[in-house]
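# Reading the structure
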Amino acid sequence: MSRKRIYYLVFFTLLFFGFVAALAVAVPEFFKNRVPPISVVQPFTFVDQDGRTVTQKAIEGKVVAVNFFFTTCKSVCPKMNNNLKPIYEAFKGEKDFVLLSHTSDPERDSVPVLKRYADSMKVNTQQWIFLTGRKDSLYAAARHSYKIDDPNNSVASIDDDFLHTQFVALVDQQGNVRHIYDGLKESELKEMEGEIRKLLKK
């Protein structure tokens, strides 16, 4: 190989690595592992604790923590929602973050019941929203949009079906479900808090 070719080879090799280094500094996200989303939030229509219709448009461009509970639950649900309270407090007033808590027992958890529950939580229901709706739509959202319950758990009759899950889904600004956390484990929700901060900076 001639000296000239060696020179050009070395020159373009250095140029390439220089470009890569500059890109890494200027756009660090470019080199992060791009893990595909767990799922994508599908269109929905539910009703909040104030009787207002809430659709997927309400969360467009926002980071969202999503869970399912029911107000008469005495085991998993109170602990999960109490564990979510520090998340609410950490991002209280942050316009680009919201919590969505769906009931899994819409027959009992009517709008007035959810209103009383929300009041008992002492939260701003513009930022922590409690939702009810059709049972089949709620369960489809949990199992297919947010992936916090196995779709195979469904039974032939929706009347006989019951959803009881402790998991919390984290949705990014593009409507992608990025992570799922155990709502009974404070350590996992602390991780979620850190991930929310990262997403809000993007």
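Shown above is the structure to which this text applies.
My aim in this report is to walk through the structure given alongside it, one point at a time.

Reading guide: rules and limits
Residues numbered from 1 in each chain as written. Predicted model: local features only at pLDDT ≥ 70, side-chain atom pairs only at ≥ 80, totals over all residues. Heavy atoms only, no water. Phe/Tyr/Trp six-rings, centres within 6.5 Å; stacked < 30°, edge-to-face > 60°. Buried < 20%, exposed > 50% of the residue type's maximum accessible area, 1.4 Å probe, protein only. Helix = DSSP H or I, 4+ residues; strand = E, 2+ residues; numbered from the N terminus. Core = buried A, V, L, I, M, F, W, Y, C linked by side-chain atoms within 4.5 Å. Contact = heavy atoms within 4.5 Å. Pairing = 2+ DSSP bridges. Axes fitted to C-alpha atoms, helices over the stretch in contact; angles between N-to-C directions. Disulfide = S-S within 2.5 Å. Salt bridge = Lys/Arg side-chain N within 4 Å of Asp/Glu carboxyl O.

## So, the packing of aromatic side chains
By the definition in use, this model includes 9 aromatic pairs. When the centroid spacing of 5.5 Å and the interplanar angle of 15° are considered together, the rings of phenylalanine 44 and phenylalanine 46 count as stacked. A residue is classified by how much of its surface remains accessible, and phenylalanine 44, at 7% relative accessible area, is buried. For the ring pair phenylalanine 68 and tyrosine 146, a centre distance of 6.4 Å and an interplane angle of 55° mean the geometry is tilted. Placement of the pair is phenylalanine 68 in strand β4 (residues 63-69) and tyrosine 146 in the loop between α4 (135-145) and β7 (167-171), with a sequence separation of 78 residues. This pair shows no difference in class: phenylalanine 68 is buried, exactly as tyrosine 146 is. These aromatic residues form a ring-pair network of at least three members: Phe69, Tyr88, Tyr117, Trp128 and Phe130.

## Thoughts on the nonpolar core
Ranked by size, the top nonpolar core spans 27 residues in total, and within it Leu84, Phe97, Trp128, Phe130, Met192 and Ile196 carry the most contacts. Broken down by element, the residue count for this core peaks at 5 residues, all from helix α2 (residues 76-90). Setting aside anything within four residues of it in sequence, one finds methionine 192 in contact with Ala65, Leu84, Ile87, Val168, Leu170 and Tyr181. Val66, Phe68, Leu100 and Val171 belong to the second largest nonpolar core, which has 22 residues in total.

## Side note on the sheet that holds strand β5 (residues 97-103)
By definition, the strands of a sheet pair up through backbone hydrogen bonds, in either a parallel or an antiparallel sense. Here 8 strands make up an open sheet; going across it, the order is β1-β8-β7-β4-β5-β6-β2-β3 and the pairing mixed. In this open sheet, the two strands that pair with only one neighbour each are β1 (39-40) and β3 (53-55). Lying over the sheet, α2 contacts β4, β5, β6 (128-132) and β7, oriented at roughly 165° with respect to β4.

## Quick notes on the state of the cysteines
Think of a disulfide as a covalent bridge from one cysteine sulfur atom to another cysteine sulfur atom. Within the structure shown, the criterion is met by 0 disulfides. Free cysteine cysteine 73: the closest other cysteine sulfur is in cysteine 77, separated by 3.0 Å. Overall, cysteine 73 belongs to the buried group, its relative accessible area being 4%.

## Digging into the pairing of strand β8 (residues 176-182)
Looking down a regular strand, the side chains alternate between one sheet face and the other. Here 2 bridges tie β1 to β8, and the two strands are oriented antiparallel to one another. Residue pairing across strands places valine 40 opposite asparagine 176, the latter belonging to β8.

## Points about the pattern of salt bridges
Scanning all chains against the criterion turns up 11 salt bridges. The partner of arginine 52 in a salt bridge is aspartate 50, and the shortest N-O contact between them spans 3.0 Å. Residue classification places arginine 52 among the partly exposed positions, given a relative accessible area of 37%. Put simply, aspartate 96 and lysine 95 hold a salt bridge, and the shortest N to O gap is 3.2 Å.

None of this, on its own, says anything about what the molecule does.
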